[in-house]
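# Coordinates in review
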Amino acid sequence: MMKKLLLMAVLPLLVGGCGSDETDANNDGVVDGIRDPNNVSVVVPSTPKGTVSGQVLGTNLTPLADVTVSMTIGSQATPKTATTDAAGNFVMTDVPAAAQVLLTFSKAGYATLRATSTVPAEAGTVPINNGNASFGPITLAQLNSSLRFHVVTPDGRPAAGAKGSLEVDRAGSIILGNYETGTSVVSRVYVEATADDQGVLTFTGVPSGTELARLNGTYNLWVAPMDANGDGAPETGGFVTSYSGSAIVSTSVTRVINLPYTRPQAGALAIESSSVGSLKAPQATDPLNNLVRPGEPIYVYFNQPVQPGSLLVRLTDEYAKESLSVTATVNNGGYSATISPGGGVVQEGKEYNLFVRAVSAEGGTNLTQTGFFFGGTQASPREITISEVRYQETTQLGTGPATQLNPGETVYVSFSAPIRAPASGTVQVFFKNDIGGPTPNVVGDVVGEFSNPSGQGFQLFISEPTAPYVTRTPAEKPVFGIQTSFGYSTRYAFTYGGSLPLTPAQAVIVVAFGNLPSQGANEAYESIWGQPINADLSATAIAIQPAQTP
């Protein structure tokens with residue numbers, strides 16, 4: 001027992017080098033000046049350190065000399081650097097164990113590779129053989145090639161000025177050696193280019209297809225949407241695609257890139273929105289959605305851009321007898337148009353018809369659309385009056401009383417603004433003149449005369465015009481085929497049923513809105529502003545619409 005205790009007491013003296021000064025200034029885990037750590041005492045360093053080494057090659061596995069290797073350790077401000085020798089080798093010393101590092105490999109004319117990882121915790125510990133972290137081999141692609149693309153607009157013209165970006169993904173590789181898992185390696189090349197007048201987009205300073213094929217990498221291409229006129233609305237859409245290095249090697253021709261339309265549509269050109277609801281799809285037919293303030297333009301928005309020179313707009317009134325002054329301009333790259341009626345054309349309470357024709361810039365589909373609108377504003381309803389009474393002359397001189405209202409002829413009553421009849425019941429018209437009956441020169445003794453005992457008059461029906469008044473044979477044609485305004489019209493009509501002819505000066509009528517039995521919802525005549533009409537309206541003169549002539 002005594003011998004064992006004595007041995008344990010002597011051993012620390014041997015390990016301590018018989019009282020010598022045990023220092024480790026270089027932190028390599030060995031007492032300074034000792035060459036064989038297996039036979040002498042060692043000192044475990046407080047901050048273990050080791051070395052990092054590796055080899056850099058081209059993709060053809062030939063060594064790359066003069067590659068700069070930069071290592072950033074943690075948040076260290078100044079990186080450690082090394083340069084590869086003729087064999088492509090590099091060594092970095094004094095690297096802390098378990099350190100988070102960023103290594104960057106760069107050489108002029110070659111892709112740059114960056115890798116982040118953690119140095120093994122064993123680096124710098126005893127024995128020193130474990131202090132080296134092998135990094136690599138690393139391969140870098142040479143940037144000595146170019147790639148071309150022929151960019152074409154949707155209408156088949158060169159896309160001059162098109163902007164493109166090319167990303168070469170995996171332009172280098174690395175074998176991590178004894179680094180820990182979770183290492184991130186990035187080696188990408190980004191190049192930008194602008195297409196020339198022939199639409200050729202050339203990217204220079206990129207790896208060849210052969211080198212990229214060795215690395216199993218890809219070329220990722222982006223072509224930006226084109227806004228040639230700088231109005232913020234692209235004339236074409238963008239384009240994105242990828243090619244493998246192997247695909248570039250197998251096909252040496254320049255690729256053709258067909259840019260898409262800015263907003264490809266499966267359907268035909270259509271009006272998506274408008275300040276005139278009847279032009280939209282689906283149509284908004286309520287007058288309150290089709291009011292245009294006099295002096296203000298009309299706005300139209302298409303579901304796809306139109307060719308600026310293809311837009312044709314025509315304007316006419318409710319009778320479609322003549323074209324009215326109107327201009328139209330295309331905006332926002334063809335996605336919208338501003339339609340401006342001429343000064344003074346649009347008047348309060350009048351109805352108008354629009355004809356719009358355009359050709360899509362994305363596929364050439366055609367749009368032909370008609371709509372209607374009324375002059376006025378929602379906030380300013382107008383009182384309804386009778387603006388004109390006119391009868392259609394059907395007799396010729398010598399065959400009957402001409403220039404007089406004869407039994408069976410049609411009388412048109414035009415109001416100051418379009419009105420709509422109720423779902424049931426029609427207003428009646430009465431004359432304040434003697435139109436016949438048992439007692440001559442007495443008003444009120446026959447149907448159709450004001451205050452007659454039966455209270456019956458002539459039924460007033462809607463007679464919305466779709467063409468001008470007929471004055472000849474063949475009849476006049478409208479400016480274009482106009483659209484009805486879904487039950488609203490300024491023109492109504494009745495058939496004169498009196499037995500006496502009347503001269504225009506004798507015809508004094510009353511439209512008896514006040515005699516309608518009910519004025520409830522949907523049972524009253526109403527204006528385009530939604531106002532009910534429940535008061536009688538009178539007219540003291542009647543005009544002549546001449547008979548048709550050959």
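Residues numbered from 1 in each chain as written. Predicted model: local features only at pLDDT ≥ 70, side-chain atom pairs only at ≥ 80, totals over all residues. Heavy atoms only, no water.

## Looking at the packing of aromatic side chains
For any pair of aromatic rings, the description rests on two quantities: the centre-to-centre distance and the angle between the ring planes. Tallied over the full model, the rule gives 20 aromatic pairs. An angle of 25° between the planes, with centres 5.4 Å apart, marks the rings of Tyr352 and Phe373 as stacked. Of this pair, Tyr352 sits in strand E23 (residues 351-359) while Phe373 sits in strand E24 (residues 366-375); the two residues are 21 residues apart in sequence, bridging distant segments of the chain. Both residues of the pair, Tyr352 and Phe373, belong to the buried class. (Phe/Tyr/Trp six-rings, centres within 6.5 Å; stacked < 30°, edge-to-face > 60°. Helix = DSSP H or I, 4+ residues; strand = E, 2+ residues; numbered from the N terminus. Buried < 20%, exposed > 50% of the residue type's maximum accessible area, 1.4 Å probe, protein only.)

## Overview of the side chain of Thr490
Within the element layout of this structure, Thr490 appears in strand E30 (residues 488-495). Relative accessible area serves as the criterion here: at 7%, Thr490 is assigned to the buried category. A distance of 2.4 Å separates polar atoms of two side chains, one belonging to Thr490 and the other to Glu318. (Polar contact = N/O pair within 3.5 Å; in protein donor to acceptor, adjacent residues only side chain to side chain.)

## Looking at the pairing of strand E21 (residues 326-331)
Pairing between E21 and strand E22 (residues 336-341): 6 bridges, direction antiparallel. Bridge pairing links Thr329 to Thr338 in E22. Hairpin connection of E21 to E22: 4 residues between the antiparallel strands, including Asn332 at a positive phi of 50°. (Pairing = 2+ DSSP bridges.)

## A few points about the pattern of salt bridges
Two side chains that carry opposite charge are able to pair once their charged atoms sit near each other. Counted by the stated rule, this structure contains 6 salt bridges. A salt bridge links Arg188 to Glu167, with the shortest nitrogen-to-oxygen separation between them at 3.6 Å. Remark: Glu167 occurs in strand E9 (residues 163-169) and Arg188 occurs in strand E12 (residues 188-194); sequence separation between them is 21 residues. A residue is classified by how much of its surface remains accessible, and Arg188, at 37% relative accessible area, is partly exposed. Given a relative accessible area of 10%, Glu167 falls into the buried group. Salt-bridge contacts for Arg420 lead to Glu526; the nearest nitrogen and oxygen are separated by 3.0 Å. Taken together, the residues Arg420 in strand E26 (residues 410-420) and Glu526 in strand E32 (residues 525-527) connect sequence positions 106 residues apart. Of the residues examined, Arg420 reaches a relative accessible area of 29% and is grouped as partly exposed. (Salt bridge = Lys/Arg side-chain N within 4 Å of Asp/Glu carboxyl O.)

## Structural notes on the environment of Leu64
The residue Leu64 is located in the loop between strand E1 (49-58) and strand E2 (68-73) in this model. Looking at Leu64, the relative accessible area reads 5%, which means it is buried. The spacing of Leu64 and Thr84 is 20 residues in sequence and 7.3 Å in space, taken between C-alpha atoms. What Leu64 contacts, discounting residues up to four positions off in sequence, is Val56, Leu57, Gly58, Thr84, Asp85, Gly88, Tyr110 and Leu140. (Contact = heavy atoms within 4.5 Å.)

## Side note on the sheet that holds strand E11 (residues 184-186)
Pairing within the open sheet is antiparallel, and its 5 strands lie in the order E3-E2-E5-E6-E11. Because the sheet does not close on itself, it has two edges, and the strands there are strand E3 (80-83) and E11. Each strand axis lies, on average, 15° off the axis of its neighbour in the sheet, ignoring direction. For E2 and strand E5 (residues 100-106), the ladder comprises 6 bridges, and the chain directions are antiparallel. Within the sheet, the bridge partner assigned to Thr68 lies in E5 and is Ser106. (Axes fitted to C-alpha atoms, helices over the stretch in contact; angles between N-to-C directions.)

## So, the layout of surface pockets
Considered as a void within the structure, the largest pocket measures approximately 490 Å³ in volume. Breaking the lining of the largest pocket down by element, the ones donating at least two residues are E23, strand E25 (386-392) and E26. The calculated volume of the second largest pocket comes to roughly 350 Å³. As for the second largest pocket, its lining consists of 20 residues, of which Asp155, Glu235, Pro308, Gly333 and Ala361 are closest to the centre. Considered class by class, the residues forming the lining of the second largest pocket number 8 nonpolar, 8 polar and 4 charged. (1 Å grid on protein atoms, 1.4 Å probe; cavity = no way out; pocket = protein on both sides within 12 Å on 5 of 7 lines; lining within 4 Å. Points joined across faces, edges and corners; volume = space filled by probe spheres on them. Nonpolar A, V, L, I, M, F, W, Y, C, P; charged D, E, K, R; others polar.)

## Topic: unusual backbone geometry
What is expected of a backbone is that most residues other than glycine have negative phi and most peptide bonds are trans. Residue Pro282 is bonded to the preceding Ala281 through a cis peptide linkage, with omega at 0°. The topology assignment puts Pro282 in the loop between strand E17 (271-274) and strand E18 (291-292). Between Thr473 and Pro474 the backbone carries a cis peptide bond, its omega angle lying at 0°. Structurally, the position occupied by Pro474 is in the loop between strand E29 (461-462) and E30. The residue Asn441 is not glycine, and still its phi comes out positive at about 60°. Note that Asn441 resides in the loop between strand E27 (428-431) and strand E28 (458-459). Note on Asn441: relative accessible area 71%, which makes it exposed.

## Some remarks on the nonpolar core
The biggest cluster of nonpolar side chains holds 36 residues, and the ones touching the most others in it are Phe415, Phe431, Leu460, Val511 and Phe513. Counting residues per element, the ones that place at least two in this core are E24, E25, E26, E27, E30, strand E31 (509-511) and strand E34 (537-539). Counting residues per element, this core draws most heavily on E26, at 5 residues. Sequence-distant contacts of Phe415, that is, excluding residues within four places in its chain, are made with Ile384, Thr385, Ile386, Ser387, Leu460, Thr490, Tyr492, Phe513 and Leu537. Membership of the second largest hydrophobic core comes to 27 residues, among which are Val189, Val206, Met226 and Tyr243. (Core = buried A, V, L, I, M, F, W, Y, C linked by side-chain atoms within 4.5 Å.)

## Some points on the confidence of the model for the protein
Predicted confidence across the protein gives a mean pLDDT of 84, with 84% of residues reaching 70 or more. Taken element by element, the protein is modelled with least confidence in helix H1 (residues 2-15), mean pLDDT 32, and with most confidence in E31, mean pLDDT 97. Residue range residues 1-20 is modelled with pLDDT below 50. Its contacts to residues more than four positions away, or to other chains, number 8 contacts. Of the regions scoring below 50 in pLDDT, residues 124-129 engages in 10 contacts with residues more than four places distant in sequence or in other chains. (pLDDT = per-residue confidence, 0-100.)

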